[in-house]
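# Analysis of the macromolecular model
The lines below spell out each chain.
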Amino acid sequence: MSEQNRSTTEPRHIPLPTAFAANWKGLPEAVFRLRKRLYIKAKQEPKFRFYALYDRIYRPDVLAAAWDLVARNDGAPGVDGVSIEEVASSPEGVEGFLREIHETLKAKRYRPQAVRRKLISKPNGGERPLGIPTIRDRVIQTAAKLILEPIFEADFLDVSHGFRPRRSQQDALWAIKRGLEDGLTAIYDADLKGYFDSIPHDRLLAGVEMRIADRSVLKLIRQWLRAPILEAPKDRHQPPRKVYRREGTPQGGVITPRTQPITSASTGS
């Protein structure tokens with residue numbers, strides 16, 4: 001049996017978490033089943049590395065599902081100024097937009113555009129830099145997330161709640177409440193200042209490579225990490241400035257954990 005076929009074998013004895021037991025995202029049934037099989041394979045074989053994933057990312061049904069998720073989020077435009085509404089109302093329409101993405105990924109000609117930076121106010125003062133990829137890049141990132149998410153979800157401990165599907169801060173609070181009721185009294189609170197701005201790319205990729213051996217997928221992730229950030233100038237008479245990063249990931253993109261979605265309200269666009 002080929003490596004690709006083995007990676008989607010669906011045994012029956014692996015219990016599924018809520019995120020993969022029900023199609024809560026309203027995905028196409030084939031995409032939902034694929035995600036479930038990937039989760040089961042990863043859960044069944046904790047040391048297994050996935051070699052054949054890139055072609056799954058540019059599958060037409062996966063791209064269509066990714067578009068639906070991005071459009072449902074009603075995201076603001078990136079550096080190219082193209083909005084979801086403009087894609088939908090263009091002469092080629094969404095079908096043409098996704099067909100171009102499919103062909104570009106299949107031919108391995110894809111290159112991400114710069115990420116638009118927007119500063120948003122924090123509730124406790126100060127500002128948080130938000131990175132806004134283009135709609136095209138967000139669709140491809142979402143397609144990659146649909147394929148990669150179930151693999152890494154299989155490795156999380158049940159006590160982990162942050163930035164996971166069908167889990168929230170409220171779930172973490174309930175876990176703390178249950179612990180207090182059981183007689184546990186010590187709570188440790190820690191926060192890493194500026195963590196997303198200082199994530200080392202090499203270590204991050206090394207962690208990804210523990211599960212992903214597909215070179216084309218790793219190249220996609222590397223390109224997103226290295227995509228420049230387009231900063232608005234403080235002086236409106238100056239042109240925007242491109243910043244190339246050697247570490248960190250911009251908060252706000254699909255592939256970076258975030259506490260709020262990219263919307264017109266949150267970006268002031």
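Residues numbered from 1 in each chain as written. Predicted model: local features only at pLDDT ≥ 70, side-chain atom pairs only at ≥ 80, totals over all residues. Heavy atoms only, no water.

### Quick notes on the environment of Pro133
- Inspection of the secondary structure assignment puts Pro133 in the loop between β2 (127-132) and α8 (135-153).
- When its relative accessible area of 4% is taken as the criterion, Pro133 is described as buried. (Helix = DSSP H or I, 4+ residues; strand = E, 2+ residues; numbered from the N terminus. Buried < 20%, exposed > 50% of the residue type's maximum accessible area, 1.4 Å probe, protein only.)

### A closer look at the sheet that holds strand β4 (residues 241-243)
- With respect to topology, 4 strands assemble into an open sheet ordered β2-β1-β3-β4, the strand pairing being mixed. Of all strands in the sheet, those with a lone pairing partner are β2 and β4, marking the two edges. Each strand of the sheet is rotated relative to its neighbour by a mean of 40°, with strand direction disregarded.
- When strand β1 (residues 115-121) meets strand β3 (residues 229-231), the two strands line up parallel, connected through 2 bridges. Within β3, the position partnered with Arg116 by the bridge is Leu230. (Pairing = 2+ DSSP bridges. Axes fitted to C-alpha atoms, helices over the stretch in contact; angles between N-to-C directions.)

### Topic: the pairing of β2
- Here β1 pairs with β2 via 6 bridges, running antiparallel. If you follow Arg117 over to β2, its bridge partner there is Gly131.
- Counting the residues between successive antiparallel strands, the hairpin from β1 to β2 contains 5 residues, one of them, Gly125, with a positive phi of roughly 100°.

### As for the pattern of salt bridges
- Going through the model one piece at a time under the given rule, you end up with 13 salt bridges.
- Between Arg56 and Asp55 there is a salt bridge whose closest N-O contact spans 4.0 Å.
- The buried category is assigned to Arg56, whose relative accessible area is 5%.
- A salt bridge links Asp155 to Arg211, with the shortest nitrogen-to-oxygen separation between them at 2.8 Å. (Salt bridge = Lys/Arg side-chain N within 4 Å of Asp/Glu carboxyl O.)

### Regarding the side chain of Ser216
- Along the chain, Ser216 falls in helix α12 (residues 215-226).
- Look at Ser216 and you get buried, because its relative accessible area is 16%.
- When sequence neighbours within four positions are dropped, the list of residues in contact with Ser216 reads Tyr54 and Lys108. (Contact = heavy atoms within 4.5 Å.)

### Focus on the packing of helix α11 (residues 201-209) against α12
- Contact geometry for α11 and α12: axes closest at 11 Å, N-to-C directions at 155°. When the interaxial angle is binned, α11 and α12 end up roughly antiparallel. The interaxial crossing formed by α11 with α12 has right-handed handedness. Residues His201, Leu204, Leu205, Val208 and Glu209 of α11 pack against Leu218, Ile221, Arg222 and Leu225 of α12.
- Of the residues that constitute the contact of α11 with α12, the class distribution is 6 nonpolar, 1 polar and 2 charged. (Parallel < 35°, antiparallel > 145°, perpendicular 65-115°, else oblique. Left-handed = near helix turned anticlockwise from the far one by under 90°. Nonpolar A, V, L, I, M, F, W, Y, C, P; charged D, E, K, R; others polar.)

### Details of unusual backbone geometry
- One non-glycine residue, Asp74, lies in the positive phi region at around 55°.
- When you line up the elements, Asp74 lands in the loop between α5 (60-73) and α6 (84-89).
- At Lys108, a residue that is not glycine, the phi angle is positive and equals roughly 60°.
- Among the structural elements, Lys108 can be located in the loop between α7 (93-106) and β1.
- Given a relative accessible area of 46%, Lys108 falls into the partly exposed group.

### With respect to the environment of Pro77
- On the secondary structure map, Pro77 appears in the loop between α5 and α6.
- Setting aside chain neighbours within four positions, we find Pro77 in contact with Val82, Ser83, Arg116 and Ile132.

### Some words on the packing of aromatic side chains
- Per the stated rule, a full pass over the model turns up 4 aromatic pairs.
- Note on Trp67 and Phe97: the rings are 5.7 Å apart at their centroids and 65° apart in plane angle, and the pair reads as edge-to-face. Of this pair, Trp67 sits in helix α5 while Phe97 sits in helix α7, and the two are 30 residues apart along the sequence.
- The exposure class assigned to Phe97 is buried, which follows from its relative accessible area of 15%.
- Sitting over the ring of Phe48, Lys41 keeps its end group 4.7 Å from the ring centre.
- Taking the ring centre of Tyr54 as reference, the NZ or CZ of Lys108 above it sits at 5.6 Å. (Phe/Tyr/Trp six-rings, centres within 6.5 Å; stacked < 30°, edge-to-face > 60°. Lys NZ or Arg CZ within 6 Å of the ring centre and 35° of its normal.)

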